[in-house]
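Spelled out from the first residue to the last, the chains are:
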Amino acid sequence: MTDAAAASPCVDICRLDAQGLCVGCRRTIEEITEWPRASEARRRDILRELERRTVAASTEDSALRRAKL
């Protein structure tokens, strides 16, 4: 059994925020431009990094909301 190819995380909201991350998929410009030629292993590394960023951003957002209370 083979693993399915890693799907692009692009959601067609392509703008960079102040931290240099795409507001749609949370990739850096380097990761976005690398994606088409990246190996499956590298694509999976990028996807794992996106998961980490999402968790970190969620944690930061929660901390900011608590601080405002």
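Refer to the preceding data block for the structure.
By convention here, each chain's residues receive numbers from 1 onward along its written sequence. For this predicted model, a pLDDT threshold of at least 70 governs which residues receive local features, and a threshold of 80 or more governs which side-chain atom pairs are given and counted, while totals over whole chains, interfaces and linings are taken from all residues. Calculation of side-chain values draws on the structure's entire complement of heavy atoms; hydrogens and water are dropped beforehand.

Q: Please clarify how the overall build of the protein should be interpreted in this entry.
A: A run of H or I in DSSP counts as a helix once it spans at least four residues, and a run of E counts as a strand once it spans at least two, with each numbered from the N terminus. Secondary structure assignment for the protein yields two helices and zero strands. Throughout, the radius of gyration refers to the C-alpha atoms, and the reference size of a globule is 2.2 Å times the residue count to the power 0.38. Against the compact-globule benchmark of 11 Å for 69 residues, the protein has a radius of gyration of 14 Å, which places it well outside the compact range. Taking the principal axes of the C-alpha coordinates as reference, the protein spans close to 50 × 30 × 15 Å. Across the protein, contacts joining residues at least 24 apart in sequence account for 38% of those joining residues at least 6 apart. Computed with a 1.4 Å probe, the accessible areas rest on the Shrake-Rupley method; for each residue, only the protein chains presented here act as cover. Carbon and sulfur atoms form 56% of the exposed surface of the protein, whose accessible area is close to 5300 Å². When charges are counted, neither His nor the chain ends are considered; positive counts come from Lys and Arg and negative counts from Asp and Glu. Charge positions are represented by NZ for Lys, CZ for Arg, CG for Asp and CD for Glu. A gap of 4 Å separates the mean positions of the 13 positive and 12 negative side-chain charges of the protein. Working rule for contacts: check all heavy atoms of both residues, and any pair within 4.5 Å makes them a contact.

Q: Before we go on, may I ask you to explain the pattern of salt bridges in this structure?
A: Any carboxyl oxygen of Asp or Glu within 4 Å of a side-chain nitrogen of Lys or Arg constitutes a salt bridge here. For the structure shown, the criterion picks out eight salt bridges. When the shortest N-O distance is used, the salt bridge between Arg53 and Glu31 registers 2.8 Å. With a gap of 22 residues between them, Arg53 in helix α2 (residues 40-68) and Glu31 in helix α1 (residues 29-34) connect regions that are remote in the sequence. Its salt-bridge partner being Arg52, residue Glu49 comes within 2.6 Å of it at the nearest N-O pair. In this pair, Glu49 and Arg52 are both assigned in helix α2, three residues apart and thus about one turn of the helix distant. We classify Glu49 as partly exposed; its relative accessible area is 23%. Beyond isolated ion pairs, a larger network of salt bridges with shared partners links Glu31, Glu49, Arg52 and Arg53. Burial classes: relative accessible area under 20% of the type maximum marks a residue as buried, over 50% as exposed, and values in between as partly exposed (1.4 Å probe, protein chains only).

Q: I would appreciate a short explanation of a nonpolar patch on the surface in the present structure.
A: Grouping into patches uses exposed residues only, defined as over 30% relative accessible area, and leaves out salt-bridged ones; the cut-off is 9 Å for like charges and 5 Å for nonpolar side chains (Val, Leu, Ile, Met, Phe, Trp, Tyr). Among the surface-exposed residues, Val11, Ile13 and Val23 lie close enough to one another that they form a single nonpolar patch of about 220 Å² accessible area. In this fold, Val11 is placed in the segment before α1. Overall, the relative accessible area of 47% leaves Val11 in the partly exposed class.

This is a description of form; function is not addressed.
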